[in-house]
Amino acid sequence: LQNVPLFQELSEEDLLGLAPLFIEKKVKKGSILFLEGDDGEELFLIKSGVVKIYRLDEAKEIILALFREGDFFGEMSLISSGLTRSATAETLEACTLYALKRSVFVQYMEKSPKLCLKLLETTMDRLRRANEQIYDLTFLGVRSRIMKTIVRLSEQHGIPTPAGLVINVKLTHQQLANMVGTVRESVTKVLQELLDEGAIQIDKKLITLKNIDAIKREIR
Ligand code: CMP
């Protein structure tokens, strides 16, 4: 727990008290953890794997966030009492998760201002990102939105390699389109342009940003 940013500021004593209250859940790839509109009873922490947060409109989906080890989610419906899950959560890979009951989480928040501050800090970051998404969807074209999305993914999920920064999540063109708010064909076209320009390379669905500075210069 000490390595999870949300709980970093808790005292040793609180951490020792909290750790046994987490319930470990091992889930397969493609499992729905909860649906938009469900009652929210637990906060989730990711030990390993990747979780997709999304909303559906008939057959179309918009991906709001991808979370990985060390991230938490499911806090919104715990805190805004009376409100239900604001989005659906599904595993993109096999995951090991830790679930914490609402009552326990609220009890620790009440006694730890540092935990509350950490939670606020993450919420502010997520709000900033959501504002960025509103801006991008309103003002930017598809090519810029795709470029910004892969830069953002490389910041959140990137692993440095000699070839460049690898986005360590296997994403289909359709999933990227669902993050950007466009259609699969546009993603395929723009990724091909970026491949031809030598800005990226793709190997087994993993995108490597070979020249992140060039991409950043274009979207600035
Ligand atoms: P909750 O509403 O309980 O269930 C869905 C969860 O997805 C939510 O809590 C947050 O943890 C997360 N979530 C919802 N919207 C966003 C967003 N725009 N950015 C990041 N995470 C989100």
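These numbers come from a predicted model, not from an experiment.

What counts and what doesn't
Residues numbered from 1 in each chain as written. Predicted model: local features only at pLDDT ≥ 70, side-chain atom pairs only at ≥ 80, totals over all residues. Heavy atoms only, no water. UniProt positions renumbered as here; feature names shortened; annotations may be inferred. Helix = DSSP H or I, 4+ residues; strand = E, 2+ residues; numbered from the N terminus. pLDDT = per-residue confidence, 0-100. Buried < 20%, exposed > 50% of the residue type's maximum accessible area, 1.4 Å probe, protein only. Contact = heavy atoms within 4.5 Å. Near = heavy atom within 4 Å. Polar contact = N/O pair within 3.5 Å; in protein donor to acceptor, adjacent residues only side chain to side chain. 1 Å grid on protein atoms, 1.4 Å probe; cavity = no way out; pocket = protein on both sides within 12 Å on 5 of 7 lines; lining within 4 Å. Sits in = over half its atoms within 2 Å of the grid points. Nonpolar A, V, L, I, M, F, W, Y, C, P; charged D, E, K, R; others polar. Pairing = 2+ DSSP bridges. Salt bridge = Lys/Arg side-chain N within 4 Å of Asp/Glu carboxyl O. Patch = residues over 30% accessible without salt bridge, like charges linked within 9 Å, V, L, I, M, F, W, Y side chains within 5 Å. Areas by Shrake-Rupley, 256 points an atom, 1.4 Å probe, with all protein chains shown as cover. Axes fitted to C-alpha atoms, helices over the stretch in contact; angles between N-to-C directions. Core = buried A, V, L, I, M, F, W, Y, C linked by side-chain atoms within 4.5 Å.

Undergrad: Explain the UniProt feature "domain: Cyclic nucleotide-binding" (unreviewed entry) in the chain to me, using residue names and the numbers behind them.
TA: Cross-referencing UniProt, the feature "domain: Cyclic nucleotide-binding" (unreviewed entry) maps to residues 6–126 in the present numbering. The span residues 6–126 is 29% helical and 36% strand by assignment, and the distance between its end C-alpha atoms comes to 14 Å.

Undergrad: Tell me what's going on with the confidence of the model for the chain, and back it up with residues and numbers.
TA: Summing up the model confidence of the chain, the mean pLDDT is 93 and the portion of residues at 70 or higher is 100%. Scoring of the predicted complex yields 0.94 for pTM and 0.99 for ipTM.

Undergrad: Describe unusual backbone geometry, naming the residues involved and giving the relevant values.
TA: Although it is not a glycine, Glu 58 sits at a positive phi angle of roughly 50 degrees. Structurally, Glu 58 is set in the loop between β4 (51–57) and β5 (60–67). Exposure remark for Glu 58: the relative accessible area of 76% places this residue in the exposed category.

Undergrad: Can you explain helix α6 (residues 173–180)? Please cite residues and give values.
TA: With six of its eight residues buried, α6 lies for the most part within the structure. Where α6 is buried, its residues meet β5, α4 (113–139), α5 (142–157), α7 (184–196) and β12 (206–209). Just downstream of α6 lies Gly 181, where phi reads positive at about 80 degrees.

Undergrad: Can you tell me about the site of the ligand, naming the residues and giving the values?
TA: In the vicinity of the ligand there are 14 residues, among which Gly 74, Glu 75, Ser 77, Arg 85 and Ser 86 approach most closely. Ser 86 is positioned with one of its side-chain polar atoms (N or O) 2.7 Å from an oxygen atom of the ligand. With respect to the pocket detection grid, the ligand is positioned in the largest pocket. The element contributing the most residues to the shell around the ligand is β5, with three residues. Looking at the shell around the ligand, its residues break down into eight nonpolar, three polar and three charged.

Undergrad: How would you summarise the pairing of strand β11 (residues 200–203) if you had to cite specific residues and measurements?
TA: One ladder, built from four bridges, connects β11 with β12; its direction is antiparallel. Looking across to β12, one finds that Asp 203 is bridged to Leu 206.

Undergrad: I'd like a description of the pattern of salt bridges, backed by residues and values.
TA: Evaluated as defined, the whole model comprises 17 salt bridges. Across the pair Arg 184 and Glu 185 runs a salt bridge whose closest N-O atoms are separated by 3.5 Å. Its salt-bridge partner being Lys 189, residue Glu 193 comes within 3.3 Å of it at the nearest N-O pair. Of this pair, Glu 193 and Lys 189 both sit in helix α7, four residues apart, roughly one helical turn. Using a relative accessible area of 24% as the deciding quantity, one classes Glu 193 as partly exposed.

Undergrad: Report on a nonpolar patch on the surface, specifying residues and quantitative values.
TA: Together, Leu 117, Leu 120, Met 124 and Leu 127 give the surface a local cluster of nonpolar side chains, amounting to about 390 Å² of exposed area. Here Met 124 lies in helix α4.

Undergrad: Describe in detail the sheet that holds strand β10 (residues 164–167), supporting the description with residues and values.
TA: With antiparallel pairing, the four strands of this open sheet are ordered in space as β9-β10-β12-β11. Whereas interior strands pair on both sides, the edge strands pair on one side only; in this sheet they are β9 (158–161) and β11. Within the sheet, the average angular offset between the axes of one strand and its neighbour, ignoring direction, is 30 degrees. Sheet topology note: the β10/β12 ladder contains two bridges and is antiparallel. Residue pairing in the sheet places Leu 165 in a bridge with Leu 209 of β12. Against the sheet, α7 contacts β11 and β12, and its axis sits at roughly 115 degrees relative to β11.

Undergrad: Can you break down the nonpolar core residue by residue, with the values?
TA: Residues Ile 150, Leu 171, Leu 176, Ile 200, Ile 207, Leu 209 and Ile 215 are the most contacted members of the largest nonpolar core, which totals 28 residues. Of all the secondary-structure elements, those providing two or more residues to this core are β5, α5, α6, α7, β12 and α8 (212–219). Ranked by size, the runner-up nonpolar core spans 18 residues in total, among them Leu 15, Leu 100, Leu 115 and Leu 119.

Undergrad: An account of the side chain of Thr 91 is requested, with residue identities and associated values reported.
TA: Locating Thr 91 in the fold gives a position in strand β7 (residues 88–91). From its side chain, Thr 91 meets the backbone oxygen of Lys 28 in a polar contact 2.7 Å long. Sequence-distant contacts of Thr 91, that is, excluding residues within four places in its chain, are made with Val 27, Lys 28, Lys 29, Gly 30, Ser 31, Leu 33, Val 50 and Val 51.

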